[in-house]
Amino acid sequence: MKQLQEKAKQRQLGDSLIIKTAVRLMVPFIQLFGLYVIVHGHYSPGGGFQGGVILGASFILLALAFDMKTSFKHMSEKVNAILGNLGAAIFIGVGLICALVGGLFLDYSALNIIIPLGPVEWRSFGIFLVEVGVGLAVMSIMVLLYWNISSSGKMDEGL
Amino acid sequence: MKTLALLATLCTGALLLYGTKDFPAWGDPQSPANSYLSPKYIEHAVQETHVPNLVTAVLGDYRGYDTMFETVVIYCAGMAVVSVLRRNRSQ
């Protein structure tokens, strides 16, 4: 990894204005598309896993085109860890609340007791809540894996 | 030790391959999964969940437990990588 980094520095490959500008323009649209894939999972192919990977890819792209510090500016390590844990907690929390209010574990129609939307609507909305949790967790873990592996755990420069 | 591990792997693989002989044929309409489970999902999923995309309905509602542990698997992978690789600057 170190040798590769030095080689790249010698050949002056790391600082391309075209790549940086293109990435800066693309990242918001990639993130918007990721959110769309998560939210539109009820009607089209997509859902939490796919949307989460697209969201994570936008931050990985930032870290690739600039450096790791720039990606920390947009998503710090702490926020990333909080979002990842929150995502997993949303999924398991929704399931637990279903069980606590008297239904089965992950039977979303039981949530009708808390907010009366109708059991069928709650099953639809419960899937949405769960997908958001999956999306957050997958996004955070993808970014975390890239950060750790590309900088061998030091979180200083990356590739 | 290595040959022992290889032997164990080969035996398990052979057993699993032998087990696949009893599977129903690929896309067999008479197989147990296709004869009552799939038609039930296809006929009732939209009524029961109001989700037009059947894949999402099955993934998020009928098979929610499976999806939960898929998330947990990814989460564990992340935690394992962090616990092995992450180093603080002071060390």
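Before any of the text, the structure's been laid out above.
Residues numbered from 1 in each chain as written. Chains lettered and ligands numbered in written order. Predicted model: local features only at pLDDT ≥ 70, side-chain atom pairs only at ≥ 80, totals over all residues.

(A) Summary view of the overall build of chain B. Each helix and strand in chain B was counted, giving 4 helices and 0 strands. The order of α-helices and β-strands along chain B, N terminus first, is α-α-α-α. Oriented by its inertia axes, the alpha-carbon framework of chain B measures out at about 60 × 40 × 15 Å. Across the 91 residues that make up chain B, the buried fraction comes to 19%. (Helix = DSSP H or I, 4+ residues; strand = E, 2+ residues; numbered from the N terminus. Buried ≥ 20, exposed ≤ 12 C-beta atoms within 10 Å, placed from the backbone.)

(B) Structural detail: the environment of Leu4(A). Positionally, Leu4(A) belongs in helix H1 (residues 2-10). For the pair Leu4(A) and Gly93(A), spaced 89 residues apart in sequence, the C-alpha separation works out to 44 Å.

(C) Fine view of the interface of chain A and chain B. Each side of the interface is counted separately: chain A has 30 residues, and chain B has 25 residues. Take the side of chain A that touches chain B: its biggest share by element is 15 residues, from helix H6 (residues 119-150) of chain A. Class assignment of the residues belonging to the side of chain A that touches chain B gives a composition of 16 nonpolar, 10 polar and 4 charged. (Contact = placed C-beta atoms within 7 Å. Nonpolar A, V, L, I, M, F, W, Y, C, P; charged D, E, K, R; others polar.)

(D) Representation of helix H2 (residues 32-49) of chain B within the structure. Along its 18 residues, H2(B) runs 24 Å from first to last C-alpha, staying within 8% of the 26 Å computed at 1.5 Å per residue. At Glu43(B), H2(B) shows its maximal kink, close to 40°. (Expected span 1.5 Å × (residues − 1). Bend = angle between axes of the 7 residues up to and from the residue.)

(E) Geometry of the packing of helix H3 (residues 48-65) of chain A against H6(A). All names here are of chain A. Axis separation between H3 and H6 bottoms out at 7 Å; the angle between their running directions is 30°. H6 is crossed by H3, and the crossing has right-handed handedness. Contacts from Gly48, Phe49, Gly51, Gly52, Val53, Leu55, Gly56, Phe59, Ile60 and Ala63 in H3 reach Glu131, Val132, Val134, Gly135, Leu136, Ala137, Val138, Met139, Met142, Val143 and Tyr146 in H6. Residue composition of the contact of H3 with H6, by class: 15 nonpolar, 5 polar and 1 charged. (Axes fitted to C-alpha atoms, helices over the stretch in contact; angles between N-to-C directions. Left-handed = near helix turned anticlockwise from the far one by under 90°.)

(F) How the structure looks around helix H1 (residues 2-19) of chain B. Its 18 residues give H1(B) an end-to-end C-alpha distance of 26 Å, which sits within 8% of 26 Å, the value for a rise of 1.5 Å per residue. Of all the 18 residues making up H1(B), 0 are buried; the element is thus mostly uncovered.

(G) The arrangement of unusual backbone geometry in detail. The backbone phi angle of Leu106(A) is positive, close to 65°, even though this residue is not glycine. Positive phi values are uncommon outside glycine, yet His50(B) reaches one of about 55°. With respect to the helices and strands, His50(B) occurs in the loop between H2 and helix H3 (54-62). Among the residues examined, His50(B) registers 17 C-beta atoms within 10 Å and is labelled partly exposed.

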